[in-house]
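One-letter residues, chain by chain:
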Amino acid sequence: MATDVEIRPAQPTDHPILVAVMDEWWGRPISGILPRLFLDHFCTTSFVAASGDEVVGFLVGFPSPARPDEAYVHAIAVAPGRRVAGLARVLYQRFFDAALADGRPVIRAVTSPVNERSIAFHRRIGFTVSEPIADYDGPGQDRVTFRLDLRAPAC
Ligand SMILES: CC(C)(COP(=O)(O)OP(=O)(O)OC[C@H]1O[C@@H](n2cnc3c(N)ncnc32)[C@H](O)[C@@H]1OP(=O)(O)O)[C@@H](O)C(=O)NCCC(=O)NCCS
């Protein structure tokens, strides 16, 4: 990770900043997946990577109320010019540390089958990747699921 970057907990005031960059960072209209409630209610388990005043990455996640040993990552992204330098891995490590401290060793996330970059990244950092599941999020909304058990020994 670049030495000018610091990871800090997210704040509700980060919401408009994240929404403003998401479509560009994903390369498609996507900001609708992050309504304000995620920053209002889950900022304490979400993280922002910043270089000075500039946000260069973020992870939005939360503990599962229904599954006591699980935590869920709703979105992770890094600015295009900052990629493949270990920043998303560091953001995930902060989330893993917080989840483990909260007694939640199982981490889950999902993505669209078209998001090959996300699938390659999650596989690389140790997640088990499912086959595409038809209609997972509703009609025509296929998804690939990710699962990582932090108790399992690394290969
Ligand atoms: C997916 C994403 C978050 C990865 O961020 P990143 O900072 O580039 O990832 P890192 O540098 O931490 O990579 C960690 C590992 O994954 C690998 N990796 C990252 N992107 C990869 C890709 N596109 N293809 C193959 N491997 C990849 C890296 O090489 C690295 O491996 P290493 O540690 O063995 O060297 C970033 O590409 C992104 O923001 N994409 C757009 C938003 C998105 O799709 N988010 C995910 C869905 S919510």
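See the structure printed just above.
Here goes a summary of the coordinates provided. Position numbers for residues count from 1 along each chain, tracking the sequence in the order it is written. Reporting of local features is limited, given that this is a predicted model, to residues whose pLDDT is at least 70; pairs of side-chain atoms are given and counted only at 80 or more, and all residues count toward the totals for whole chains, interfaces and linings. By convention in this description, side-chain values take in all heavy atoms of the structure and omit both hydrogens and water.

**As for the overall build of the protein**
Phase 1: The helix and strand labels rest on DSSP assignments: H or I over at least four residues marks a helix, E over at least two residues marks a strand, and numbering proceeds from the N terminus. When you go through the protein residue by residue, the secondary structure sums to four helices and seven strands.
Phase 2: Secondary structure elements in the protein, listed N-terminal to C-terminal, are β-α-α-β-β-β-α-β-α-β-β.
Phase 3: Throughout, radius of gyration means the C-alpha value; the globule benchmark is 2.2 Å times the number of residues raised to the power 0.38. Taking 2.2 N^0.38 as the reference for a compact globule, 155 residues should give roughly 15 Å; the C-alpha atoms of the protein span a radius of gyration of 15 Å, in line with that estimate.
Phase 4: Projecting the C-alpha coordinates of the protein onto the three principal axes gives extents of approximately 40 × 35 × 30 Å.
Phase 5: The proportion of buried residues among the 155 residues of the protein is 42%. Only protein chains enter the accessibility calculation, which uses a 1.4 Å probe; a residue whose area is less than 20% of its type maximum is buried, one above 50% is exposed, and one in between is partly exposed.

**Regarding the nonpolar core**
Phase 1: Among buried residues, those of type Ala, Val, Leu, Ile, Met, Phe, Trp, Tyr and Cys that are joined through side-chain atoms within 4.5 Å constitute a nonpolar core. Judged by nonpolar contacts, the single largest core of 26 residues is most densely connected at Leu91, Tyr92, Ile107 and Phe127.
Phase 2: Counting residues per element, this core draws most heavily on helix H3 (residues 87-101), which supplies seven residues.
Phase 3: Note on contacts: a residue pair is in contact if any heavy atoms of the two residues lie within 4.5 Å. Ignoring any residue separated from it by four or fewer positions in sequence, one finds Leu91 in contact with Ile7, Phe47, Val48, Ala49, Gly57, Phe58, Leu59, Ile76, Ala77 and Val78.
Phase 4: Counting 20 residues, the second-largest nonpolar core is a separate cluster that includes Trp25, Phe58, Val60 and Ala79.

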